[in-house]
Amino acid sequence: MNFEFFIAKRIIGSKAYKSSISAPIIKIGIAAITIGIVVMMIAIATGVGLQQKIRDKVVAFNGHVTISNYDSNNSQESGKPISINQEFYPEFKMVEGVKHVQAVATKFGVIRTETDFEGAYLKGVGADYNWEYFKEFLVEGRLPDYTAKRNEEVLISEYLANRLNFKVGDNFQMVFGKDDPEKLPNIITYQVVGLFNSGFQDLDATYLIGDLRHLQRINRWSSEDIGSFEVFIDDYTKLEEKGIEIYHNTPSTFNTETITARYFSIFEWIKIFDKNIIGIIGIMILIAGINMITALLVLILERTQMIGILKALGSNNWSIRKLFIYNASYLILLGLLWGNIIGLGLLFAQKYFKLFALDPSVYYVTEAPVYINLGYILALNIGTLVLCLLMLLIPSYIITKISPVKAIRFN
């Protein structure tokens, strides 16, 4: 067995070690590591979780990249139609990493009831629509089916349903104006088959999902005309790169826009979370390191006589320094163990029991989301251990200044 490790193990296992003067300092050091790892774990899990949730909600309504005609009209309503017969549809084979392309169109209308009215955009979708995200958002009813003949089924947000006193199974009229204000508007009677709640109130208040074929008829488009294409990719981290590739592989008359460009302010806001996470990690590691330095210095001073005896017996400075670093490593690992138990316990409790709610008007989510991944947990633990040990190399240098003669006589 390694000599330094053997001595360190004997010191840790001794009863005197647990009841020594340094015991309270050691407990504080372990507590600092524990609290630090808990705070860092929560900061990463909630920060990244919030970023992903907000990103997924925006992507659900728009895709990662939107392909449409160039149009000076800045509204969300589809303007000049484009043909569905494109090289990149239904499969975008020219760009690797594109997993789905769907055809959609949007049109503004007014939902009319006997007592109230509300303006919203009907998003027309077809048989190719990816319902993956809305399955998670669905709170009541079912998803509409547009794979067969044209129908009047719609998916409406819980937010709009509450404002208009709608429930699943209710019918309502939606009025769509024409370009010529002198002509009578189009009126369609829809049936609510499902309610969704994305938690993103701005989008929930804006969109309801209906059959694309209704908008084609209202706009006097052919069955091959649509408003835009929504493109979904496999890896969000390559969004900008794939956005450029998609642009170069579409006709020059088309405009492509990534989700980050379309909702620039939202994505700039969630980028701030990265800086906050880095700041919290830095502060926590610094605090934990300072506490461990204090604990190590107390351990060294408390065992000055032992250091003197070891030196007198022929141990060199580095050998004795390793002994105390092994001792401190045990304390760090103990703190990491408790930190992981408490931190993961809190994260899983939040994930499954939704203990902490958030204001959706501010954070775009109803509860604090958590992202739990083995990769960042291991990196956090290893990083904390390594950085704390590196910080302990400096105070352990005091061992080189201890004289064997004076240390043995030390009282």
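As a reminder, the structure under discussion sits directly above these lines.
Cut-offs and rules
- Residues numbered from 1 in each chain as written.
- Predicted model: local features only at pLDDT ≥ 70, side-chain atom pairs only at ≥ 80, totals over all residues.
- Heavy atoms only, no water.
- Buried < 20%, exposed > 50% of the residue type's maximum accessible area, 1.4 Å probe, protein only.
- Helix = DSSP H or I, 4+ residues; strand = E, 2+ residues; numbered from the N terminus.
- Pairing = 2+ DSSP bridges.
- Patch = residues over 30% accessible without salt bridge, like charges linked within 9 Å, V, L, I, M, F, W, Y side chains within 5 Å.
- Areas by Shrake-Rupley, 256 points an atom, 1.4 Å probe, with all protein chains shown as cover.
- Salt bridge = Lys/Arg side-chain N within 4 Å of Asp/Glu carboxyl O.
- Lys, Arg positive; Asp, Glu negative; His and termini not counted.
- Charge placed at Lys NZ, Arg CZ, Asp CG, Glu CD.
- Contact = heavy atoms within 4.5 Å.
- 1 Å grid on protein atoms, 1.4 Å probe; cavity = no way out; pocket = protein on both sides within 12 Å on 5 of 7 lines; lining within 4 Å.
- Points joined across faces, edges and corners; volume = space filled by probe spheres on them.
- Nonpolar A, V, L, I, M, F, W, Y, C, P; charged D, E, K, R; others polar.
- Axes fitted to C-alpha atoms, helices over the stretch in contact; angles between N-to-C directions.
- Parallel < 35°, antiparallel > 145°, perpendicular 65-115°, else oblique.
- Left-handed = near helix turned anticlockwise from the far one by under 90°.
- Arc of directions from axis to C-beta.
- Core = buried A, V, L, I, M, F, W, Y, C linked by side-chain atoms within 4.5 Å.

(A) Just the pairing of strand β11 (residues 228-233), in detail. Among the six residues in β11, six count as buried, and that is most of the element. Burial of the side chains of β11 extends over both faces: Ser228, Glu230 and Phe232 are buried on one face and Phe229, Val231 and Ile233 on the other. Examined bridge by bridge, strand β1 (residues 65-69) and β11 share four bridges and lie antiparallel to one another. Across the sheet, the residue bridging to Val65 is Val231, located in β11.

(B) Expanded view of a negative patch on the surface. A surface patch of negative charge is lined by Glu96, Asp234, Asp235 and Glu241. Within the secondary structure, Glu241 sits in helix α8 (residues 239-248). According to the relative accessible area criterion, Glu241 is partly exposed, its value standing at 44%.

(C) Geometry of the side chain of Thr34. As for its placement among the helices and strands, Thr34 is situated in helix α3 (residues 23-62). Aside from chain neighbours lying at most four places away, what touches Thr34 is Gly335, Trp338, Gly339 and Ile342.

(D) Just the environment of Gly210, in detail. Within the element layout of this structure, Gly210 appears in strand β9 (residues 207-211). As a C-alpha pair, Gly210 and Val192 span 18 residues in sequence and 9.9 Å in three-dimensional space. With sequence-adjacent residues up to four places away left out, Gly210 is seen in contact with Leu122, Lys123, Gly124, Val125, Tyr146, Glu153 and Val154.

(E) Seen up close, the layout of surface pockets. The computed volume of the second largest pocket comes to approximately 390 Å³. Contributing to the lining of the second largest pocket are 15 residues, with Lys178, Asp179, Ile218, Asn219 and Arg220 lying nearest its centre. Tallied by class, residues from the lining of the second largest pocket come to two nonpolar, five polar and eight charged.

(F) Inspection of the packing of α3 against helix α12 (residues 317-353) at higher detail. The N-to-C vectors of α3 and α12 enclose an angle of 40°; their axes lie 7 Å apart at closest approach. The orientation of α3 relative to α12 falls into the category oblique. As α3 packs across α12, the resulting crossing turns out to be right-handed. Looking at the contact of α3 with α12, its residues break down into 17 nonpolar, five polar and no charged.

(G) How the structure looks around α8. Taken together, the buried positions of α8 are occupied by Leu239, Lys242, Gly243 and Ile246. Along the long axis of α8, the arc covered by the buried residues comes to 105°, so they all point the same way. Along α8, the residues that are exposed and aim more than 90 degrees away from the buried face are Ile244 and His248. The inward-facing, buried residues of α8 abut β1, β3 (98-112), β11, β12 (254-258) and α9 (259-262).

(H) Layout of a nonpolar patch on the surface. A surface patch of nonpolar side chains, amounting to about 560 Å² of accessible area, comprises Leu374, Leu378, Ile382, Val386, Leu387 and Leu390. Along the chain, Leu390 falls in helix α14 (residues 374-393). Taking relative accessible area as the criterion, Leu390 reaches 48% and is therefore assigned partly exposed.

(I) Layout of the packing of helix α11 (residues 304-312) against α12. Remark: α11 packs on α12, axes separated minimally by 10 Å, with the N-to-C direction vectors making an angle of 140°. When you trace α11 past α12, the crossing you get is right-handed. Seen from α11, the contacting residues are Met306, Ile307, Leu310 and Lys311; seen from α12, they are Asn317, Ile320, Leu323 and Phe324. Split into classes, the residues belonging to the contact of α11 with α12 amount to six nonpolar, one polar and one charged.

(J) Spotlight on the nonpolar core. Core analysis: the largest hydrophobic core is formed by 71 residues, its most contacted members being Trp131, Phe134, Phe172, Leu208 and Phe229. Once residues within four sequence positions are removed from consideration, Phe172 is found in contact with Ile111, Arg112, Val154, Phe166, Ile188, Thr189, Tyr190, Val192 and Leu208. Counting residues in hydrophobic clusters, the runner-up holds 40 residues, among them Ile26, Met284, Leu310 and Leu323.

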